[in-house]
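Notes for the structure review
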Amino acid sequence: MNGPFRLFRHTFRSSGLALFFCVLGAVALITTTPGAATGATAKDNYRTYCAQCHGVNGAGGGVNTESMNVQPRDHTDAEGMSAISDAQLRKAISEGGLAVSKSVLMPPWRSTFSDKELDALVEHLRVLCKCSG
Amino acid sequence: MTGGRTARAGLATVVFTVGLSMVLLLAGSTWAAPVSDGMAILKSRCFTCHAIKGPAATTLKSFSARKGPDLFYAGVKYNEEWLIKWLARPEPIRPAGFRYFKNTVVTDGADDAVDWDALKAHVALTEAEAESVAAALMTFRTYEEKIKKNALTEAPADAFMGEMNFDKFSGCLACHEIEPGYGGVTGPEVYTTGERLQPDFVYSYLKDPQSFDPKSFMPNKELGENFLQVLTKYMLSLEAPEPEDEEEGDD
């Protein structure tokens, strides 16, 4: 413990220089924090996770739909989507279809995404449907 | 007199010890050879697509950049016999490919379809290479502490209730095929689960997929203990159809 510390003190004898490096380190840390620089956007999350069933463009025809007996909601359907409140969208995504009396085929995603990411997905659905709740 | 006897006994001990260590060393090296051969293959021909060291990707960017499934916990996930067989004669496991979103095309009718031509065959190894790679993979035991030992109860698998649960109650069929061509295409086929995977791994993965792969596109379905038991046993009981059966079916 003592060795490296003494070396450090020796190298940066000028406290001004040491302070400069501390600030530099803190800045580097902040900019590499996930969410700041590397956080996925809701659009990316949608295309990776939701597109499996809802389709790349959100129109409901994902690659998995052929053998599904309840079809995923068409997220581009302004009329249907505006009938659902933001709160219900949030609950459906977070807790799954069963939590809003819909099909179990719509999975719960709260173990996959942070609260922020879930909020952003609701916002993204409003972009897809060009509508409000 | 006594001194001579001690010296002779000492010599015998030395000869015996040296002999024994040579035998042990030989045995040791023939046992260890495949593992080091396998490791060399993994490090030269496989690491570009597979992570052979953890941790798993924690950002969508690094997750999406992966070109093949993580192998750094292979020893607690796969059955060694299956690895040997598959590595020599690999067949697709995820129908739409490992990264379905790279092989997805939007058709005119707005529905998505898999671009089957975009799927590439996996590199095949010789039998001998497959054996040493499998032996090396079995030494990768990260996550061992995450896996519940002897997780399954004595109650036997129930084919009917298992399928009902997989399809209707839990909605797993949306992403997984229970027979070739029947089920979702983004997850691994499950009709080879018993041959491919260790039972305790299947149980623990199902309970919390994100603890193995934080960005996995398999969601945590928040299953209770009873469902975990029924589903795990059901998947393990499935068998891939024999190729001959398929031919007969076509006639």
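All values reported here derive from a predicted model rather than from experimental measurement.

Focus: the overall build of chain A
Along its length, chain A carries six helices and zero strands. Helices and strands in chain A line up, N terminus first, as α-α-α-α-α-α. Buried positions account for 37% of the 133 residues belonging to chain A. Taking as baseline every contact in chain A between residues at least 6 positions apart, the subset at least 24 positions apart corresponds to 44%. Carbon together with sulfur atoms contributes 61% to the accessible area of chain A, which is approximately 7800 Å² in total.

Concerning the state of the cysteines
Within this structure, the stated rule accounts for one disulfide over all chains. In this model, Cys129 of chain A is linked to Cys131 of chain A through a disulfide, with the two sulfur atoms separated by 2.0 Å. Looking along the S-S bond of the Cys129 of chain A-Cys131 of chain A disulfide, the torsion reads about -85 degrees, which is the left-handed sense. Both residues of the pair, Cys129 of chain A and Cys131 of chain A, belong to the buried class. Cysteine Cys50 of chain A shares no disulfide, and the gap to the nearest cysteine sulfur, in Cys53 of chain A, comes to 9.1 Å. Cys50 of chain A sits in the buried class, given a relative accessible area of 14%. The thiol of Cys46 of chain B is unpaired, and the distance to the nearest cysteine sulfur, on Cys49 of chain B, comes to 8.7 Å.

Some thoughts on the interface of chain B and chain A
Contact residues are listed per partner, giving 32 residues for chain B and 28 residues for chain A. On inspection of chain B and its partner chain A, the count reaches one salt bridge. Note that Glu222 of chain B is salt-bridged to Arg110 of chain A, the shortest N-O span being 2.8 Å. Linking chain B to chain A there are 14 residue pairs in polar contact (both at pLDDT 80 or more).

Focus on the nonpolar core
Buried together is how nonpolar side chains tend to be arranged in soluble globular proteins. In this structure, Leu42, Leu137 and Phe166 of chain B are the most contacted members of the largest nonpolar core, which totals 48 residues. Among the secondary structure elements, those contributing two or more residues to this core are α1 (2–46), α3 (80–88), α4 (127–137), α7 (199–207) and α8 (225–237) of chain B. Excluding its chain neighbours within four sequence positions, the residues that come into contact with Leu137 of chain B are Leu42, Leu71, Ala74, Gly75, Leu83 and Leu87 of chain B. Counting 27 residues, the second-largest nonpolar core is a separate cluster that includes Tyr49, Cys50 and Ile93 of chain A together with Val114 of chain B.

Some points on the side chain of Asp167 of chain B
As for its placement among the helices and strands, Asp167 of chain B is situated in helix α5 (residues 159–169). Those residues in contact with Asp167 of chain B that sit more than four places away from it in its chain are Asn69 of chain A together with Cys172, Leu173 and Tyr182 of chain B.

A look at unusual backbone geometry
Residues and elements named next belong to chain B. With an omega dihedral of -5 degrees, the bond running from Gly54 to Pro55 counts as a cis peptide bond. Within the fold, Pro55 resides in the loop between α1 and α2 (60–65). If you check the backbone angles, Asn150 has positive phi at about 45 degrees while not being a glycine. Secondary-structure assignment places Asn150 in the loop between α4 and α5. Look at Asn150 and you get exposed, because its relative accessible area is 68%. Even without being glycine, Glu222 reaches a positive phi, approximately 50 degrees. Of note, Glu222 is situated in the loop between α7 and α8.

What counts as what
- Residues numbered from 1 in each chain as written.
- Chains lettered and ligands numbered in written order.
- Predicted model: local features only at pLDDT ≥ 70, side-chain atom pairs only at ≥ 80, totals over all residues.
- Heavy atoms only, no water.
- Helix = DSSP H or I, 4+ residues; strand = E, 2+ residues; numbered from the N terminus.
- Buried < 20%, exposed > 50% of the residue type's maximum accessible area, 1.4 Å probe, protein only.
- Contact = heavy atoms within 4.5 Å.
- Areas by Shrake-Rupley, 256 points an atom, 1.4 Å probe, with all protein chains shown as cover.
- Disulfide = S-S within 2.5 Å.
- Salt bridge = Lys/Arg side-chain N within 4 Å of Asp/Glu carboxyl O.
- Polar contact = N/O pair within 3.5 Å; in protein donor to acceptor, adjacent residues only side chain to side chain.
- Core = buried A, V, L, I, M, F, W, Y, C linked by side-chain atoms within 4.5 Å.

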